[in-house]
Every structure is written in C-alpha cells, then in structure tokens.
Amino acid sequence: MKRIKSSHIITLFAGVITTLLAIAIISFPDAAFKASLQGLKIWWEIIFPALLPFFITSEILLGFGVVHFMGELLEPLMKPLFNVPGVGAFVLAMGFSSGYPMGAKLTTRLREQKMVSQVEGERLVAFTSTSDPLFIFGAIAVGFFHQAELGIFLAIVHYASSLIVGFIMRFHEINNQQFSSRKFEMYKKEDNIFIRAFKAMHQARMADGRQFGKLMGDAVMSSIQTLLMIGGFIIAFSVVLSILTQIEVTSFLISLLHLILTPLGISQDLAQSMIYGFFEVTLGAKSVSEASMNIPLIEKLAIVSAISAWSGISVHGQIAAILQKTDIRFKPFFIARVFHSILAFILSLLLYQPFQLSETKNAIPTFLYHFSQEVSSFHLISIIHSIGYYFLWIITTLLLLSLTIHLLKKKDY
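1. Quick notes on helix H12 (residues 271-279)
Listed as buried for H12 are Ala271, Ser273, Ile275, Tyr276, Gly277 and Phe279. Against the buried residues of H12 lie helix H10 (212-246), helix H11 (249-264), helix H13 (281-289), helix H14 (297-310) and helix H15 (312-323).

Structure follows, in structure tokens:
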C-alpha cells in the first residue's frame, strides 16, 4: 500500500469541511441570510466608502513618485529601526491610520514596483497591519465599553506592541542577500537629502509614464477590485461564524478553552469572547465588553487588546489573498500576529496600574474625548476626516524624527 501524502490528507480534509459547511448553510438558510446581510451592511456603509478614497489616493501618490520622495526622506529612520526602506514609513502611516488591510495592500504595490524586496515586504506587512484609531477609540472604548478614557490606553498598547513586533521582525532572514531596486545610485552621493528625494520622485514619475487620466482610472479599478475582495471575506466569515454558532461548534470550543483559562486565573466567562475574537475582531471586542461585571477590568482590557492585535481569521484571509499577488509569504505575517497578540496582552497587564484606569475616569484630554464621541456614531465624514488626520499626524512625526536622525549623522562626519 502506497504511503499517503500529506497533500492528499489536506485535500480530503478541505473537501470534507467545505461539504459540511455547505450542508450547514442549506440547513440554516435564515441564519446564513441574516449574517450575510449584516456583513454586507458593514462593508457597504463603513468599509467601502471609508477606504476607497485612501486606496485611490495611495495609487496616485505612487504613480507620481510622491511615495518615493517620502521614502528618501524617511530612510534614515526606517532602515535602522525596522530594516526596511524609507517608503515603508508611508505604509506605516497609512496602515496605522486606516487599519487593515491597508498595510498589506500598499506593501504589495511596493513589491510590484520593486521598491522593496521579498523579505523587506514580509517585515513591513508584519507590523503595519493594525486596527485603526477610529475602531479603537470609537468602537471599542466609547461604543462597547462606554469609557472614552480607555481609548488612549488601548491605542498605546496596540501600536506600541506593533512597533515592538516591527523591531523584532527586522531580524527576519537578516542574512538574506536580497536587495530591492529602490535605490538610485547615480545621486546617492548628493549631500542634500531633499535633492535626492526630488530626483527619486522625478525618476519614479518618468518611469511610470502614465498620464493623470490613465493613472486615475487604473487607481479606481484596482481599489474597487480590492474592496470587493474584502467585502466578500467579511460576508463569508460572517456567515461561517453564524453557522458555527448554530451547530454549537463555538460552544464546544468554548468548553475546551475553559481548560486553558482556569490554570491562568482568567475568568471563564471570557472564553466566548476569545472564540469570537479568533474569527472576527469586532464581535470579539463587543463580547468582552458585555461579559460579567464581576470580571476585573484589567482582564477585559488584556483580552480585548490581544483580540485587536490578532485581528481575526477574517482579516488573515483578506491579507493572504492580497499577498498572493506577489512572492511575499503569509507565514511571517501569521507569526507576527501571534507575537503582536501576546505582546499586547502582556503590555496591557503591565500598563494598567500606571494608567490608574479604575480611578481616573476623566483623564482623557477633552479634544480626544469629543473626537471619540464623534466617531463612535460612525458618520462617514467623521471616518474620512479622522483617517486623514491621523495619517498626517503620523507621517509628520516620522518625517521630523527621520530628518533629525539625518542631521545628527551628518554632524558626526
């Protein structure tokens, strides 16, 4: 008898699972229909209109070489810290302000233009795929927990742990000799960083060669195609989670998770939240906020931070589909999400006492409190305004840090 290959087992397993899922959907058509409508509503009313302008704008900025310009200015910061080229700062700013899967989308575009190597792309996407501030402040802090001051705490934990992951990932295949073709050696000897940046932008624009009309059309088509894919994943995983709940698979997983939580001293009531968060971050965070009032706040915040960092299987599927367009591997991203989740959990426990959250209900600055109240209703104009605000704030901070490092290094010579 021939030895059964692992690929045959995977094929059989996948076939059985998809067949059972199809049978379950047929058996529970009402639940599947309601779940798909819920996913469609989220995508159409929030995701699509909020991300489309920024997808299109990022494509245009790439075509006109503006990203190359910023890349040269930000190289002194990004290379030593994260071992990625300066253009990674643009991905960092857009990813942090817009949320997933913006970081993966922009990283693949940089890879397609050979502005990053395969390994650099894997490092970059590992720490730029995060939740957006709108979700952390508006949805979790105000919408779910009804405590605006939690937004600052959750945001610091989320983005600090992500940056730590980025620093760890700088050692990912550090001996790999791949090099991207982002550098233009003909002017690297120029002393003035702004001249180098302008020449990089001009060369990139000339190399692209598309007129504005063509560039705009390509940007719209590419952005809509990506958003349609994202919408499909949101709807599909909404249906899957609903069906798993109907056939009590989630109840079985919750009972298994109890065995792990009990030795760790974590309330068993959070098991359901963790299972939901494993699949979809919004449902998981909402479930944590609705858990028993007897559960200490520190436990709830640690779990919700871990869920936000993990980002859910739904987002993993979106990013895996985006990365398939290039040679960037999904495995480093998956490992990074595990690290991000663990680090966010630990940081939440460490920073809880210094923030004194249980005693300082009104510690959040007034302007941030009003911002959180405004975005919690998810008005479209507020969403777009908030994403743009955070992008400009992040990119300006990175530029100032990078130019400071450049001037200090130049002073040493």
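2. Digging into the environment of leucine 21
Mapped onto the elements, leucine 21 comes out in helix H1 (residues 6-27). The spatial distance from the C-alpha of leucine 21 to the C-alpha of isoleucine 243 is 8.0 Å, given a sequence separation of 222 residues. Those residues within four positions of leucine 21 in sequence are excluded, and the remaining contacts are Val240 and Ile243.

3. Details of the environment of isoleucine 243
Tracing the sequence through the fold places isoleucine 243 in helix H10. For the pair isoleucine 243 and proline 29, spaced 214 residues apart in the sequence, the C-alpha separation amounts to 9.4 Å. Every residue in contact with isoleucine 243, bar those within four places of it in the chain, is listed here: Leu21, Ala24, Ile25, Phe28 and Ala32.

4. Brief notes about helix H3 (residues 66-82)
The principal kink in H3, of about 65°, is found at leucine 74, preceding the proline proline 76 by one to four residues. Of all 17 residues that make up H3, 12 are buried, and the element is covered over most of its length. Regarding H3, the residues found buried are Val67, His68, Met70, Gly71, Glu72, Leu73, Leu74, Glu75, Pro76, Leu77, Met78 and Phe82. Immediately beyond the C-terminal end of H3, within one or two residues, lies asparagine 83, with a positive phi of roughly 55°.

5. Comments concerning the packing of aromatic side chains
In the structure shown here, the tally under the stated rule is 14 aromatic pairs. Between phenylalanine 167 and phenylalanine 171, the ring centres sit 5.8 Å apart and the planes meet at 90°, which makes this aromatic pair edge-to-face. Exposure remark for phenylalanine 171: the relative accessible area of 46% places this residue in the partly exposed category. Summarising the aromatic geometry, the rings of phenylalanine 278 and tryptophan 310 are spaced 5.6 Å apart at their centres and angled 15° between planes, so their arrangement reads as stacked. Taken as a pair, phenylalanine 278 in helix H12 and tryptophan 310 in helix H14 lie far apart in primary sequence, 32 residues in all. Look at phenylalanine 278 and you get partly exposed, because its relative accessible area is 39%.

6. Observations regarding the confidence of the model for the protein chain
Per-residue confidence for the protein chain gives a mean pLDDT of 83; residues scoring 70 or more make up 87%. Considering each helix and strand of the protein chain separately, the mean pLDDT is smallest for helix H17 (residues 366-375), with a value of 43, and largest for helix H6 (residues 118-128), with 94. Counted against residues more than four places away or in other chains, residues 181-189, with its pLDDT under 50, gives 19 contacts.

7. Here's the deal with the pattern of salt bridges
Overall, the coordinates contain 12 salt bridges when judged by the stated rule. A salt bridge links glutamate 120 to lysine 79; the shortest N-O distance between them is 3.5 Å. Taken together, the positions of glutamate 120 in helix H6 and lysine 79 in helix H3 put the pair 41 residues apart, joining distant regions of the chain. By relative accessible area, which is 5% here, glutamate 120 ends up buried.

Conventions adopted
- Residues numbered from 1 in each chain as written.
- Predicted model: local features only at pLDDT ≥ 70, side-chain atom pairs only at ≥ 80, totals over all residues.
- Heavy atoms only, no water.
- Buried < 20%, exposed > 50% of the residue type's maximum accessible area, 1.4 Å probe, protein only.
- Helix = DSSP H or I, 4+ residues; strand = E, 2+ residues; numbered from the N terminus.
- Contact = heavy atoms within 4.5 Å.
- Bend = angle between axes of the 7 residues up to and from the residue.
- Phe/Tyr/Trp six-rings, centres within 6.5 Å; stacked < 30°, edge-to-face > 60°.
- pLDDT = per-residue confidence, 0-100.
- Salt bridge = Lys/Arg side-chain N within 4 Å of Asp/Glu carboxyl O.

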